[in-house]
Structure formats: structure tokens, C-alpha cells
Amino acid sequence: MSITAKTLDENEYFYGHKACAGCGGSLAVRIALKVLGERTVAVLPAGCMSAVGFNFPQLCFSNNAIISTFAGTASMLTGIEAGLRAQGITDFQAVGFAGDGGTADIGLQALSGAIDRNDDILYICYDNEAYMNTGIQKSSLTPFGARTTTTPAGKNIRGNLRPKKNMFEIVAAHDIPYAATANVGFLQDFMRKVEKASKIKGTKFIHIIAPCPTGWGIPSDETVEIAKEIVNCGLWVLAEYENGEYKLNYRPKNFSNPADYLKKQSRFRHLTDEDIQTIITSRDIKWGYIDKNYKFNQEEKL
Amino acid sequence: MKPYLREKVPKTLSEIPEYTVFEAGYLVSKNAGWRNVRPTVDKAKCVGCLKCYLCCPDGVIAKQDGKIAIDYDFCKGCGICAKTCKLGAIEMEAEI
């Protein structure tokens, strides 16, 4: 049986940090570290979590943690794993927490290299769908239509023109030992995936959606609820990749209307009915592909 | 165990480490001042399901005697706990 709230490590490894109230990214980091335990070396590239966790002398990680270069999360994980192994230390987990920009844009090459070498590391991407730390610039994981400071919504262009990169399948295409997607609205599922990943040898990747109240334009208490909604309206998929196979973890019986999800956020408020129809169409095409290619066992509950 | 508040705040040049290495979990300031609203727990309604404990981004909710206790030094008052509690045992009250 996987870890539950009752059996979860009671120690806090990410505490007193200066993240905005209701930060989804800090929730993902906190829960992942509680699952992995104190014998964890965390690597944080430039991004929200390093900015809020290491304001000397306010140091908020109680396990070993280090800031890496923006592009070098996976390379530093490789080095840490190799260095500790060379010293004969085996009871540890090297984990990286990079944002969407640090994973899909800037750190992609290093991550790809680490997967290629199959280094024994765990890479967690907390995805808040833009460069939130530097003031909400578009990343390649920003979804279609989202307003950011570099994709403003005006008369001619209504927010981001490009769809969200499919990071999960890009990583899986490397034939990685384990890749998964997760969501802070489904923490039980996330804990199970982190625990599972920690027991697999080789490179592991988890992509977790972590809403950002500041960047998404939602009240701070909505973080977890809106994260559930993105899954229920079909715009985010909970899945795993293992042994060369894709597996779907959850399929909402009937999708809720994405318009309800989108209109709650100020970054999507400018969208026209036509834009929302574009989003619904691309969602349906994606699910057509998923239903064809992903295995799904309805008996298995989240 | 969790990172905790220290009395000593490194200030002078000689107290600042030469390399970028320092003790883990070293806190010198609280986050309580960020809060406009504070979560209050109705112990009679709380059944200790721990949903709020799991969902707190700051980890300020701890288990206590089968129920929960909140560390107000580090709670930022985001309100996720109150929203998560299906029993209505947590309410957000204005800070005075």
C-alpha cells in the first residue's frame, strides 16, 4: 500500500519559505520531500523554489539542497549521484525540482543527456505554466491563449499562440525507465508516483501541474481546487510511462466544460468563444490519441 | 523535526560563510506578517482526516492528539485548508 496522509513522514523538509500564499510549486516540493525523506539531496535551478527557499540566512530546506545553474539541473543531479556513489554512499536519492521553463526550455538538453545516460536520478518538473519567478513570461509549457507579459492579450493577438509542449511524451520518447504526470489536486496519486519512482533504478521524471495564484490570477485558496478542475475538464492527463507502455491513471466520465476552468483565471479572461472552441477541439483530438494509445484499467482507482 | 527559528542571525562579514555552504533548515524570520486572515480550527468538528495537513503549501499544519494544530508563526493565511475541509472545521477570520 502506498503512503497516505496518516503514514507520511511527519518531518517538514521545506518550511518557512517565502513563496506566495497558496503556492502550488511549494506544495509539490514539500510533499515530494516528505515522501523521499531526509536522505535526499535536492537540486534547484534558478526558479521560484530556489528564490523562495534560499534567502541567506533564511534557509528553508532541512535536507541537503543546492542551487544549480538554470540549464544544469539534470547535470548536477548526475554529478551528485556519481559523487556520492564514488564515496560508497548508497542510501540516498538525488532529486531535482525545476520549473516549466527550467525543464522544457532551458534545462531540456541536460535532462535529455541524463536520460540518455540513464543516471539514477529523479527529476520533478513543477509546472506553473510560465516563468513566474521573473514576472510571468511565456515558457514552452504555457498553454494556448494564456496571457503572460511576453504574450499579452490585445486586439490582434489574444495571449499565447502556441500550444503547450507535450513534455511527458518527449521524455518518454527517450525510453526512460519511468515517467509520470501528476497534479497537486491529486496528492495521493502524486505521493504514490514519487514513492514508485524512488524505488526504480535509472532516470525518473515526474511532471506535476502546480497552479500559481499570482500568475494565473486566482485567489490564493483556489490552488488545489483549480488543479482538480484542469484534470476534470480534460486539459491535463494523469498518466505513467513504464516498460515502453503508456498507462492512463484517470479518465473523467464526462469532461466538465473547460470554459468554467478558463474563465476563473485572469490569464484567460480575454478568450473569445472561438478561442475556447479551439481549446476544446485540440483537447478532443488529444484524448482521441490517448484512448487509442494509452492503456487504461478502469478497476484501478486513483 | 523541521527548520526552526534561530536566535543568531549572521550579520557581520566574519559570520557569513566563505563558501556557499551553511547549516540546513536555518530560519531567522517568521511569515506571520503576510497574513490578512487566519485559519481557526473548531476542534469539535475536526475528525483528524488530515486533508488540510496534506494540502498546506507551507506545511504549517501538524498532527496533534488525533486532530490538527496550526503554526501561526509561518502560516500565510492562503485559505487552502479552509477550502479543503469538507466538515467546515476551519474558518478564516480577519486579523486585527
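Just so it is clear, the structure is predicted and the values come from calculations on it, not from any experiment. (Residues numbered from 1 in each chain as written. Chains lettered and ligands numbered in written order. Predicted model: local features only at pLDDT ≥ 70, side-chain atom pairs only at ≥ 80, totals over all residues. Heavy atoms only, no water.)

1. Describing the nonpolar core
Stage number 1. Phe 97 and Phe 190 of chain A are the most contacted members of the largest nonpolar core, which totals 90 residues.
Stage number 2. By residue number, the principal contributor to this core is helix 1 (residues 24–36) of chain A, which donates eight residues. (Core = buried A, V, L, I, M, F, W, Y, C linked by side-chain atoms within 4.5 Å. Buried < 20%, exposed > 50% of the residue type's maximum accessible area, 1.4 Å probe, protein only. Helix = DSSP H or I, 4+ residues; strand = E, 2+ residues; numbered from the N terminus.)

2. A word on the interface of chain A and chain B
Stage number 1. Contact residues are listed per partner, giving 38 residues for chain A and 38 residues for chain B.
Stage number 2. Both faces considered, chain A and chain B share a buried interface measuring about 3,100 Å² in area, 56% of it formed by carbon and sulfur atoms.
Stage number 3. Of all residues in chain A, Tyr 15, Phe 56 and Pro 57 of chain A bury the most surface against chain B, accounting for 21% of the area lost on that side.
Stage number 4. Taken together, the links from chain A to chain B amount to three salt bridges.
Stage number 5. Close ionic contact of Glu 222 of chain A with Lys 83 of chain B constitutes a salt bridge, the shortest N to O distance being 2.8 Å.
Stage number 6. Inspection of the chain A/chain B interface yields 26 residue pairs in polar contact (both at pLDDT 80 or more).
Stage number 7. For the side of chain A that touches chain B, the elements supplying multiple residues, two or more each, are helix 1, strand 3 (58–59), helix 7 (187–198) and helix 9 (223–232) of chain A. (Contact = heavy atoms within 4.5 Å. Buried area = accessible area lost by both parts, 1.4 Å probe. Salt bridge = Lys/Arg side-chain N within 4 Å of Asp/Glu carboxyl O. Polar contact = N/O pair within 3.5 Å; in protein donor to acceptor, adjacent residues only side chain to side chain.)

3. Details of the packing of helix 1 of chain A against helix 7 of chain A
All names here are of chain A.
Stage number 1. For the pair helix 1 and helix 7, the least separation of the axes is 9 Å and the interaxial angle reads 50°. Overall, the two elements helix 1 and helix 7 adopt an arrangement that is oblique. For the element pair helix 1 and helix 7, the recorded crossing hand is right-handed. Facing helix 1, whose interface residues are Leu 27, Ala 28, Ile 31, Ala 32, Val 35 and Leu 36, helix 7 presents Leu 187, Phe 190, Met 191, Val 194, Glu 195 and Ser 198.
Stage number 2. Of the residues in the contact of helix 1 with helix 7, the class split is 10 nonpolar, one polar and one charged. (Axes fitted to C-alpha atoms, helices over the stretch in contact; angles between N-to-C directions. Parallel < 35°, antiparallel > 145°, perpendicular 65-115°, else oblique. Left-handed = near helix turned anticlockwise from the far one by under 90°. Nonpolar A, V, L, I, M, F, W, Y, C, P; charged D, E, K, R; others polar.)

4. Structural notes on the sheet that holds strand 6 (residues 122–127) of chain A
Residues and elements named next belong to chain A.
Stage number 1. With mixed pairing, the nine strands of this open sheet are ordered in space as 4-1-5-6-8-7-9-10-11. Each end of this open sheet is capped by a strand with a single partner; those strands are strand 4 (64–67) and strand 11 (295–296).
Stage number 2. Note: strand 7 (residues 178–183) against strand 9 (residues 239–242), three bridges, orientation antiparallel. Within the sheet, the bridge partner assigned to Ala 180 lies in strand 9 and is Glu 240. (Pairing = 2+ DSSP bridges.)

5. Quick notes on the packing of helix 3 (residues 73–86) of chain A against helix 5 (residues 108–117) of chain A
For any two helices packed against each other, the geometry is given by the interaxial angle and the distance between the axes.
All names here are of chain A.
Stage number 1. The geometry of helix 3 relative to helix 5 is characterised by a closest axis approach of 6 Å and an angle of 40° between their N-to-C directions. Together, Ala 74, Ser 75 and Thr 78 of helix 3 and Ala 110, Leu 111, Ala 114 and Arg 117 of helix 5 make up the contact between the two elements.
Stage number 2. Looking at the contact of helix 3 with helix 5, its residues break down into four nonpolar, two polar and one charged.

6. Looking at the pattern of salt bridges
Oppositely charged side chains are able to pair whenever their charged atoms sit close together.
Residue and element names in this part refer to chain A.
Stage number 1. Going through the model one piece at a time under the given rule, you end up with 33 salt bridges over all chains.
Stage number 2. Between Lys 264 and Glu 229 there is a salt bridge whose closest N-O contact spans 2.6 Å. With Lys 264 in the loop between helix 10 (258–263) and helix 11 (273–293) and Glu 229 in helix 9, this residue pair connects regions lying 35 residues apart in the sequence.
Stage number 3. A relative accessible area of 38% means that Lys 264 is categorised as partly exposed.
Stage number 4. The closest approach of N and O atoms between Asp 284 and Arg 283, which form a salt bridge, is 3.1 Å.
Stage number 5. Through salt bridges with shared partners, a single ionic network connects Asp 189, Arg 192, Lys 193, Lys 196, Glu 240 and Glu 242.

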